[in-house]
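Each chain, letter by letter, is given below.
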Amino acid sequence: MLEWTFLGTSAGSPSRTRNVSSLALRLPQRSEWWLFDCGEGTQHQLLRMPHLRLSQLTRIFVTHLHGDHFYGLPGLLASRGLALGGESNVTIHGPDGLGRWLNMTLRMTGNRPAYPIVNDVIAPGWSLSEYGFKVDVCPTEHRTESYAYRIREADNPGAFDIEKAIADGLPSGRLFGQLKAGEVVTLPDGRVIDGSDYVGETKRGRMTVYTGDTRPSDAIVSFATGADLLIHEATFHSSEQAQAEKSAHSTSLEAANVALRACVKELVLTHFSSRYDADTAHPGIDGLLRNAHTVFPNTRLATDFQRFSIQRPDSI
Ligand SMILES: [Zn+2]
Ligand SMILES: [Zn+2]
């Protein structure tokens, strides 16, 4: 199962119902999981999510160095050292400066976890491949160096129909390998066999883009094109367009336009200003959703502790 869990969906500061940014990805058929952003209090949120054990966290990807996206790191890493089995490496990917900040913080507080922490600096063009997934980045338009992450699963080639091959009287051995690779082969008896007749359809890999903080941009549209899931920030309602532009964030309407232009399957909005959670707030959090629905109907608002699994798309 490829599953996202929202651990924090508030922008800037927490509200009574939402913590600051944090998002977990559980990998299919692995006991490992990855974390995207780590706002303050992420470790508290994890206490309510027993399927995400700290000892099994192996990678942390940080979008940018605003506190609501990474102030949770020192506490979480320290607790991981105390967690049962928390002895394996953790690699932290983030913009330049994150590693220095973290090392200094841990050193000055005499809190160096016993397991290795690897710092990896993200820059344009950066990518990582592991377990059949490729992660890459796209710079976003924000007030500081900031990146969106794209997580793409490799396509899964179709299975070779060995029973059909045997039933058709094809000789096994090297020929089967050639047919499996989709080759067209001429047999000694003159028959021409097309491998594609014996191989099932390729299953397209799943793709998610998580924007972090950003203004809507053409670069994000092209980066997210064809994604199964786009997780886009929506700090503001469109009635606060000027505020969104000034602070280099997006409105839910703008995020919906990005989803529409990028032809994604589903849009999940997150990173909401805490003003929309207040009882007296206008227009309220539902207003952000109504706004987005006018442009892109397949939109949902993330809530803390919500889990989204992505099914494998239909065959190519
Ligand atoms: Zn933020
Ligand atoms: Zn920010």
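Each value, and the rule that gives it
Residues numbered from 1 in each chain as written. Chains lettered and ligands numbered in written order. Predicted model: local features only at pLDDT ≥ 70, side-chain atom pairs only at ≥ 80, totals over all residues. Heavy atoms only, no water. Helix = DSSP H or I, 4+ residues; strand = E, 2+ residues; numbered from the N terminus. Contact = heavy atoms within 4.5 Å. Areas by Shrake-Rupley, 256 points an atom, 1.4 Å probe, with all protein chains shown as cover. Lys, Arg positive; Asp, Glu negative; His and termini not counted. Charge placed at Lys NZ, Arg CZ, Asp CG, Glu CD. Domains from an automatic or database assignment. Donors = N, O, S within 2.8 Å, 3.2 Å for Na, K, Ca; no water. Buried < 20%, exposed > 50% of the residue type's maximum accessible area, 1.4 Å probe, protein only. Salt bridge = Lys/Arg side-chain N within 4 Å of Asp/Glu carboxyl O. Tetrahedral: all angles 85-135°; square planar, octahedral: opposite > 155°, others 65-115°. Phe/Tyr/Trp six-rings, centres within 6.5 Å; stacked < 30°, edge-to-face > 60°. Lys NZ or Arg CZ within 6 Å of the ring centre and 35° of its normal. Core = buried A, V, L, I, M, F, W, Y, C linked by side-chain atoms within 4.5 Å.

K.L.:
Tell me about the overall build of the protein, and name the residues and values.
P.N.:
Counting its regular elements, the protein contains 9 helices and 18 strands. Overall, the C-alpha framework of the protein stretches about 80 × 50 × 35 Å when taken along its three principal axes. Of all intrachain contacts in the protein linking residues separated by at least 6 positions in sequence, the fraction that spans at least 24 positions is 64%. Here the protein displays about 14,200 Å² of accessible surface, and carbon together with sulfur accounts for 51% of that area. Here the protein holds 31 positive side-chain charges and 35 negative ones, and the gap between their average locations is 4 Å.

K.L.:
Which residues make up the domain arrangement of the protein, and what are the values?
P.N.:
For the protein, the assigned domains read domain 1 (2-156 + 202-310) and domain 2 (162-197). Of note, the centres of domain 1 and domain 2, computed from C-alpha atoms alone, are 47 Å apart.

K.L.:
A description of the coordination of the zinc ion (ligand 1) should follow, citing residues and the corresponding values.
P.N.:
Of the protein atoms, only Asp 68 (OD), His 69 (NE2), Asp 213 (OD) and His 271 (NE2) coordinate the zinc ion (ligand 1), at distances of 2.2 to 2.3 Å. Sequence spacing among the residues donating to the zinc ion (ligand 1) works out to D-H-x143-D-x57-H. In this structure, the zinc ion (ligand 1) lies 3.6 Å away from the zinc ion (ligand 2), the two metals sharing Asp 213 as a donor. You can see Asp 213 sitting in the loop between strand E13 (207-210) and helix H6 (218-224) and its partner His 271 sitting in the loop between strand E15 (266-270) and strand E16 (272-273), a full 58 residues away along the chain. Under the relative-accessibility criterion, Asp 213 is labelled buried at 2%.

K.L.:
Can you lay out the pattern of salt bridges for me, pointing to particular residues and giving the numbers?
P.N.:
Across all of its chains, the model carries 18 salt bridges by this definition. Measuring nitrogen to oxygen at the nearest pair gives 3.3 Å for the salt bridge that ties Lys 265 to Asp 228. Of this pair, Lys 265 sits in the loop between helix H8 (252-261) and E15 while Asp 228 sits in the loop between H6 and strand E14 (229-233), placing them 37 residues apart in sequence. By relative accessible area, which is 6% here, Asp 228 ends up buried. Here the salt bridges share partners, and the residues they tie into one network are Glu 3, Arg 26 and Arg 307.

K.L.:
Describe the coordination of the zinc ion (ligand 2), naming the residues involved and giving the relevant values.
P.N.:
Distances from the zinc ion (ligand 2) to its protein donors, His 64 (NE2), His 66 (ND1), His 142 (NE2) and Asp 213 (OD), fall within 2.1 to 2.4 Å. For the zinc ion (ligand 2), the 4 donor atoms in the first shell make angles of 88 to 169 degrees at the metal, a pattern classed as irregular. Going along the chain, you hit the donors of the zinc ion (ligand 2) in the pattern H-x1-H-x75-H-x70-D.

K.L.:
Lay out helix H2 (residues 73-82) in plain terms, naming residues and giving numbers.
P.N.:
Of all the residues in H2, the buried ones are Leu 73, Pro 74, Leu 76, Leu 77, Ala 78 and Arg 80. If you follow the buried residues of H2, they end up packed against strand E4 (33-38), helix H1 (42-46), strand E5 (57-61), strand E6 (90-94), helix H3 (98-108) and strand E7 (117-121).

K.L.:
Describe unusual backbone geometry, with residues and values.
P.N.:
For residues that are not glycine, phi is negative in most cases, and the peptide bond is trans in most cases. Within the chain, Cys 263 stands out as a residue other than glycine whose phi angle is a positive 55 degrees. A relative accessible area of 58% places Cys 263 in the exposed class. At His 271, a residue that is not glycine, the phi angle is positive and equals roughly 65 degrees. By relative accessible area, which is 3% here, His 271 ends up buried.

K.L.:
Give a detailed account of the packing of aromatic side chains, specifying residues and quantitative values.
P.N.:
Scanning the entire structure with this criterion turns up 13 aromatic pairs. Through pairs of rings, three or more aromatic residues link up here, namely Trp 4, Trp 34, Phe 36, Phe 61, Trp 126, Tyr 149 and Tyr 210. Taking the ring centre of Tyr 131 as reference, the NZ or CZ of Arg 30 above it sits at 3.7 Å. Above the ring of Tyr 198, the side-chain terminus of Lys 164 is found at 4.3 Å from the ring centroid.

K.L.:
Give a description of the nonpolar core that names residues and reports values.
P.N.:
Counting residues in each nonpolar core, the largest one holds 28 residues, and the members touching the most others are Leu 230, Val 264, Leu 267, Leu 269 and Phe 272. Only E13, H6, H8, E15 and helix H9 (285-293) provide two or more residues apiece to this core. Each residue touching Val 264, except ones within four places of it in the same chain, is listed here: Ala 224, Ala 227, Leu 230, Ala 259 and Phe 296. Ranked by size, the runner-up nonpolar core spans 25 residues in total, among them Leu 25, Phe 61, Val 135 and Tyr 210.

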